[in-house]
Every structure is written in structure tokens, then in C-alpha cells.
Amino acid sequence: MPSHLAESPPSPWVARWASLIRPGGEALDVACGAGRHARFLAAQGFEVFAVDRDPGLFPDPPRGVTLVGADLEAGPWPFDGRRFDAIVVANYLHRPLLPILVDSLEPGGVLVYETFARGNERFGKPSNPDFLLAPGELLEAVRGKLRVVAYEDLVVASPRPAAIQRLCARREGGG
Ligand SMILES: C[S@@+](CC[C@H](N)C(=O)[O-])C[C@H]1O[C@@H](n2cnc3c(N)ncnc32)[C@H](O)[C@@H]1O
């Protein structure tokens, strides 16, 4: 991933729901890449943990960001026993992590997820079904555990045409 992506703006979906995160709370950016969401969240005053198997993509994490290098598919979950006020995942899917992410939210914590969905094959990559959400899959992942605040399953034009699903869901409880 080119380093200029560090300067990429956050996804509008992530930016939209950041106001639901407990002020000053702890946020986790999963598969952070060059860190556009970690930077955004740190700038909002959250204490951010950012994890990627290739931490070199995010060479200069700003104050407020703890960068963790870990392979989330080959190794153990690096945040075992920790709970977060927000977990952000963008453009990444490893299905076995979904229940772990749901269980890693504090009461009142929010999961903000956005990634490619079936139908994206029309537009390019990813086209492998392993990396494409099935219809309703994010909803199914949180059913009975989180309260869905917003969900979309659509084709977007920006930053490039893509079929995506996106979810914001909250664990009950908290203040
Ligand atoms: C398309 S990028 C998305 C980056 C970032 N979330 C964003 O939206 O800008 C996918 C990221 O997933 C990371 N990734 C892929 N497989 C991984 C794994 N097994 N463990 C941890 N990170 C992984 C890649 O290194 C890459 O940074």
C-alpha cells in the first residue's frame, strides 16, 4: 500500500459514527494499513490501538496511537481480554474474527464496519468470495449481541465504484 494513503481521508462511514464513541475512550483500528482511521480517531481525542500484519505501512503513528504488528489470521488475537469503546474495520474481512470483535466491545461500545460485498466482482478486486460479504452477513454477525444503529448494502461511486456493506452497531449498556 503506498505511503501516501496515510494522508487518505477516513471513510465517511467511520467519520459519521465517531460521535457515538465514548469521549476519550479506547478505539481499535483492525487491519489499519497506513492508518487513516487511527489518525482520524486519535485526532478526535481517542486512545487508539491500531493493528496490522504489516506495521511498516504506518511508519509514523501520531501521539495517541499504539501500533501493534500481528497476523490476525495466523496468530492469536493480540488483544485477548481487552475491551474497547469502538472497533473500526474498513476494507478487511477475516470471518473468524467477527465474533471476537463483537465480544471485544465495552458496554456502550460501537462496531463500525465497512467492507466489500458480493457484487464487487463487477468492479474489480476484491473478487474472491472469501473477501466479499454475503447479503446480510454483517447483520447476522451481530444479531442478538449488538443493537444495529445503521446498516447499508449498496454500490458506491466514491472513492471508486464498489459494492459494499457497512454497519454501525452498539453493545447495550454504558452511560
Ligand atoms: C485494503 S487494506 C485496508 C487498510 C485500512 N483498514 C483502510 O481502510 O485504509 C487491508 C489491510 O489488511 C491488512 N491485513 C491483511 N491480512 C492481514 C492479517 N492476516 N493480519 C493483519 N492484517 C492483515 C493488510 O496488511 C492491509 O493493511
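Residues numbered from 1 in each chain as written. Predicted model: local features only at pLDDT ≥ 70, side-chain atom pairs only at ≥ 80, totals over all residues. Heavy atoms only, no water.

## Structural notes on the overall build of the protein chain
Move 1: Across its full length, the protein chain carries four helices and seven strands.
Move 2: Taken from the N to the C terminus, the helices and strands of the protein chain come in the order α-β-α-β-β-β-α-β-α-β-β.
Move 3: The globule rule puts the C-alpha radius of gyration for 175 residues at 16 Å, and the 15 Å found for the protein chain is close to it.
Move 4: The burial tally for the protein chain puts 49% of its 175 residues in the buried class.
Move 5: As presented, the protein chain carries roughly 8,600 Å² of accessible surface, and 52% of it is formed by carbon and sulfur atoms. (Helix = DSSP H or I, 4+ residues; strand = E, 2+ residues; numbered from the N terminus. Rg over C-alpha atoms; globule rule 2.2 N^0.38 Å. Buried < 20%, exposed > 50% of the residue type's maximum accessible area, 1.4 Å probe, protein only. Areas by Shrake-Rupley, 256 points an atom, 1.4 Å probe, with all protein chains shown as cover.)

## Some points on the packing of aromatic side chains
Move 1: Per the counting criterion, the structure on display carries five aromatic pairs.
Move 2: A ring pair is formed by F49 and F79, whose centres lie 6.3 Å apart and whose planes are at 75 degrees; its orientation type is edge-to-face. Taken together, the residues span a long stretch of sequence, with F49 in strand β2 (residues 47-52) and F79 in the loop between β3 (65-69) and β4 (84-90) at a distance of 30 residues. Of the two residues examined, F49 and F79, each falls in the buried class.
Move 3: Among the aromatic residues, those joined into a ring-pair cluster are F49, W77, F79 and F84.
Move 4: In this structure, R82 packs its charged tip against the face of F49, placed 4.6 Å from the ring centre. (Phe/Tyr/Trp six-rings, centres within 6.5 Å; stacked < 30°, edge-to-face > 60°. Lys NZ or Arg CZ within 6 Å of the ring centre and 35° of its normal.)

## Some words on the environment of V88
Move 1: Counting through the fold element by element, V88 comes out in strand β4.
Move 2: Sequence-wise, V88 and A18 are 70 residues apart; in three dimensions their C-alpha atoms are separated by 9.7 Å.
Move 3: If we ignore the near neighbours within four places in the chain, the residues touching V88 are V14, L28, D29, V30, H37, L41 and V112. (Contact = heavy atoms within 4.5 Å.)

## Focus: the pairing of strand β5 (residues 105-116)
Move 1: Among the 12 residues in β5, 10 count as buried, and that is most of the element.
Move 2: Inspection of the sheet shows β4 paired to β5 by six bridges, in the parallel sense. In the sheet register, A90 faces β5, and the bridge partner there is E114.
Move 3: At this point the chain moves from β4, through helix α3 (residues 98-103), to the parallel β5, and the crossover so formed is right-handed.
Move 4: As judged from the seven bridges shared by β5 and strand β7 (residues 162-170), these two strands associate in the antiparallel manner. By the bridge assignment, F116 is partnered in β7 with I164. (Pairing = 2+ DSSP bridges. Right-handed = clockwise from strand over helix to strand, strands pointing away.)

## With respect to the side chain of H37
Move 1: By the secondary structure assignment, H37 is in helix α2 (residues 36-43).
Move 2: Judged by its relative accessible area of 3%, H37 is buried.
Move 3: Engagement of the side chain of H37 in a polar contact is seen with the backbone nitrogen of S11, the distance being 3.0 Å.
Move 4: Beyond its immediate sequence surroundings of up to four residues, H37 is in contact with P10, S11, V14, D29, V88 and A90. (Polar contact = N/O pair within 3.5 Å; in protein donor to acceptor, adjacent residues only side chain to side chain.)

## Regarding empty space enclosed by the protein
Move 1: Applying the stated criterion to the full structure yields one cavity of 30 Å³ or more.
Move 2: Of the volumes computed, that of the largest cavity is approximately 30 Å³.
Move 3: What lines the largest cavity is V30, V89, Y92, L93, H94, L97, L98, L101 and Y113.
Move 4: Considered class by class, the residues forming the lining of the largest cavity number eight nonpolar, one polar and no charged. (1 Å grid on protein atoms, 1.4 Å probe; cavity = no way out; pocket = protein on both sides within 12 Å on 5 of 7 lines; lining within 4 Å. Points joined across faces, edges and corners; volume = space filled by probe spheres on them. Nonpolar A, V, L, I, M, F, W, Y, C, P; charged D, E, K, R; others polar.)

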